[in-house]
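Here is what each chain is made of, one letter per residue.
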Amino acid sequence: MAIRIITDSAADYSAQEIKKRQITCIPMTVTFGDKEYMDGKDITKDEFFKLLTEGKDFPKTSQPSPSNFLECFEEAKEAGDSVIAILISSALSGTFQNAILAKSMADYENIFIVDSKIATLGMRILVDRAVKLRDAGRSAQEIVNEVENLRPRLRLFAGLDTLEYLAKGGRLSKTSAALGNLANLKPIITFTPEGNVSLCGKQMGIRHACKQVAKLTMADAPDMDCPLYLLYAYDQKNCAAFLHMLQKNGLNLESPKVRGIGPIIGTHIGTGAFGIVYVAKETE
């Protein structure tokens, strides 16, 4: 009995990374006007951000349907394989609920659905841990237990360069966004333990935003034996400034893993965002 690991495209894996890990990635959909794209299949990250910044239509994102999951689940059931699905935070998307519905339709016990309670590279840390354990011969239940034990230690902090896209997506009033942009205000966001996005600070200008995110990171003591990623949205300039600030604060990152976010989160935060995803040290 093999173990099949599934995630969704909010994890921001490339096609090559998916193939290397031997996982399945269920694509979400991003729509500009009347044109629909399957994230990671029909549109690249750069193509998405080009349309976002230069096109006239604001994109809409939609989760995979239960039938997208059901097809994978029924294949596994027929082969007698187990399935572990690690998906975007249920507080942000209906993806998790659709997978639960598909599991009930498949009527198969060996399907484990994990709410990552995070997005983008945070999901990747959980999926990669599951892949490592699968390859080490651990059982599906053991893998799920370890992933769920790791999940509360995940941290994501990000600084946004613009409020424009939060306003366009209806998550902030246009007046507040206009005033914030005039004041060069840079919001800092994080994920709550429940998987919601929360504002944890705001600074005037990128330099001060980088400084605050670095302080938040250092206060939480990253576990350097676990993966740590720097993230950026389209333009790496602010991410480079943030890396410099981290090193100035004493975080030694000789070969940092820097990854770009894709359409699902990029729709809401726009270009120029920077951030960090890591595993906090275990408390005594």
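Please refer to the structure higher up on the page.
Everything numeric here is computed off the predicted structure, so don't read it as measured data.

Caption draft 1: Examining the overall build of the protein chain more closely. The number of helices and strands found in the protein chain is 11 helices and 13 strands. Scaling as 2.2 N^0.38, a compact globule of 284 residues should have a C-alpha radius of gyration of about 19 Å, and the protein chain matches this with 19 Å. Considering only C-alpha atoms, the protein chain reaches an extent of 60 × 50 × 30 Å along its principal axes. Surface exposure of the protein chain reaches about 13,700 Å², of which carbon and sulfur atoms provide 48%. Within the protein chain, one finds 34 positive and 34 negative side-chain charges whose respective centroids are separated by 7 Å.

Caption draft 2: Up close: the layout of surface pockets. When its volume is computed, the second largest pocket comes out at roughly 430 Å³. If you go around the second largest pocket, you meet 22 residues; those closest to its centre are Tyr13, Ser14, Ala15, Gly40 and Lys41. Counting only elements with at least two residues in the lining of the second largest pocket, the list comes to helix 1 (15-21) and helix 2 (45-54). Per element, the largest residue contribution to the lining of the second largest pocket is four residues, and it comes from helix 1.

Caption draft 3: How the structure looks around the pairing of strand 4 (residues 35-38). Relative to strand 4, strand 3 (residues 29-32) is paired through four bridges, and the arrangement is antiparallel. Note on strand 4: the bridge partner recorded for Val30 is Tyr37. If you look at the hairpin formed by strand 3 and strand 4, you'll find two residues sitting between the two strands, and Gly33 has a positive phi there, around 60°.

Caption draft 4: Quick peek at the sheet that holds strand 6 (residues 82-87). With respect to topology, four strands assemble into an open sheet ordered 2-1-6-7, the strand pairing being parallel. With one partner strand each, in any of the chains shown, strand 2 (24-26) and strand 7 (111-115) form the two edges of the open sheet. For this sheet, the mean inter-axis angle between neighbouring strands, taken without regard to orientation, is 20°. Of the pairings in the sheet, the one linking strand 1 (residues 3-8) to strand 2 comprises three bridges and is parallel in character.

Caption draft 5: Main features of unusual backbone geometry. Within the chain, Asp12 stands out as a residue other than glycine whose phi angle is a positive 60°. Within the fold, Asp12 resides in the loop between strand 1 and helix 1. Classification of Asp12 as buried rests on a relative accessible area of 3%. Phi is positive for Tyr234, close to 70°, though the residue is something other than glycine. Examined against the element boundaries, Tyr234 turns out to sit in the loop between strand 11 (228-232) and helix 10 (237-248).

Caption draft 6: Local environment of the pairing of strand 3. Burial along strand 3 is two-sided: Thr29 and Thr31 and Val30 and Phe32, pointing in opposite directions, are all buried. The pairing of strand 3 with strand 5 (residues 60-62) spans three bridges and is classified as antiparallel. Counterpart to Thr31 in the pairing with strand 5 is Lys60.

Caption draft 7: Molecular detail of the packing of aromatic side chains. Overall, the coordinates contain seven aromatic pairs when judged by the stated rule. Seen from their ring centres, Phe242 and Phe274 are 5.1 Å apart, and the 45° between their planes marks the pair as tilted. Placement of the pair is Phe242 in helix 10 and Phe274 in strand 13 (residues 274-279), with a sequence separation of 32 residues. Among the residues examined, Phe242 registers a relative accessible area of 0% and is labelled buried.

Caption draft 8: Structural context of the pattern of salt bridges. If you walk through the whole model with that rule in mind, you get 14 salt bridges. The salt bridge partner of Arg124 is Glu17, with a shortest N-O separation of 3.0 Å. Remark: Glu17 occurs in helix 1 and Arg124 occurs in helix 5 (residues 121-135); sequence separation between them is 107 residues. For Glu17, a relative accessible area of 17% puts it in the buried group. The salt bridge partner of Arg259 is Glu17, with a shortest N-O separation of 3.7 Å. Pair noted here: Arg259 is in strand 12 (residues 257-260) and Glu17 is in helix 1, with a separation of 242 residues, a long-range link. Owing to a relative accessible area of 27%, Arg259 belongs among the partly exposed residues under this scheme. Here the salt bridges share partners, and the residues they tie into one network are Arg4, Glu75 and Asp81.

Cut-off values and rules
- Residue numbering note: each chain is counted from 1, following its sequence as written.
- Thresholds applied to this predicted model are a pLDDT of at least 70 for local features of residues and 80 or more for the giving and counting of side-chain atom pairs; totals over whole chains, interfaces and linings are not thresholded and use all residues.
- The side-chain quantities take in all heavy atoms of the structure and omit both hydrogens and water.
- Numbering of helices and strands runs from the N terminus, with a helix taken as a DSSP run of H or I at least four residues long and a strand as a DSSP run of E at least two residues long.
- Based on C-alpha atoms, the radius of gyration is set beside the globule rule, defined as 2.2 Å times the residue count to the power 0.38.
- Computed with a 1.4 Å probe, the accessible areas rest on the Shrake-Rupley method; for each residue, only the protein chains presented here act as cover.
- Only four residue types enter the tally: Lys and Arg on the positive side, Asp and Glu on the negative side, with His and both chain ends excluded.
- Note on charges: their place is set at NZ of Lys, CZ of Arg, CG of Asp or CD of Glu.
- Lining residues are defined by having an atom within 4 Å of a point belonging to a cavity or pocket. Those points lie on a 1 Å grid over the protein atoms alone, cavities being sets where a 1.4 Å probe fits but cannot get out and pockets being open sets with protein on both sides within 12 Å along at least five of seven lines.
- Grid points are joined across faces, edges and corners, and a volume is the space filled by probe spheres set on the points.
- Whether two strands pair depends on DSSP finding at least two bridges between them.
- Interaxial angle, 0 to 180 degrees, is taken between N-to-C directions of lines fitted to C-alpha atoms, where a helix line uses only the stretch in contact.
- Buried, partly exposed and exposed residues are distinguished by accessible area as a fraction of the type maximum, computed with a 1.4 Å probe on protein chains only: under 20%, between the cut-offs, and over 50%, respectively.
- Each Phe, Tyr or Trp ring (for Trp, its six-membered ring) is paired with any other whose centre lies within 6.5 Å, and the angle between the two planes then decides the class: stacked below 30 degrees, edge-to-face above 60, tilted in between.
- One speaks of a salt bridge when a side-chain nitrogen belonging to Lys or Arg is within 4 Å of a carboxyl oxygen belonging to Asp or Glu.

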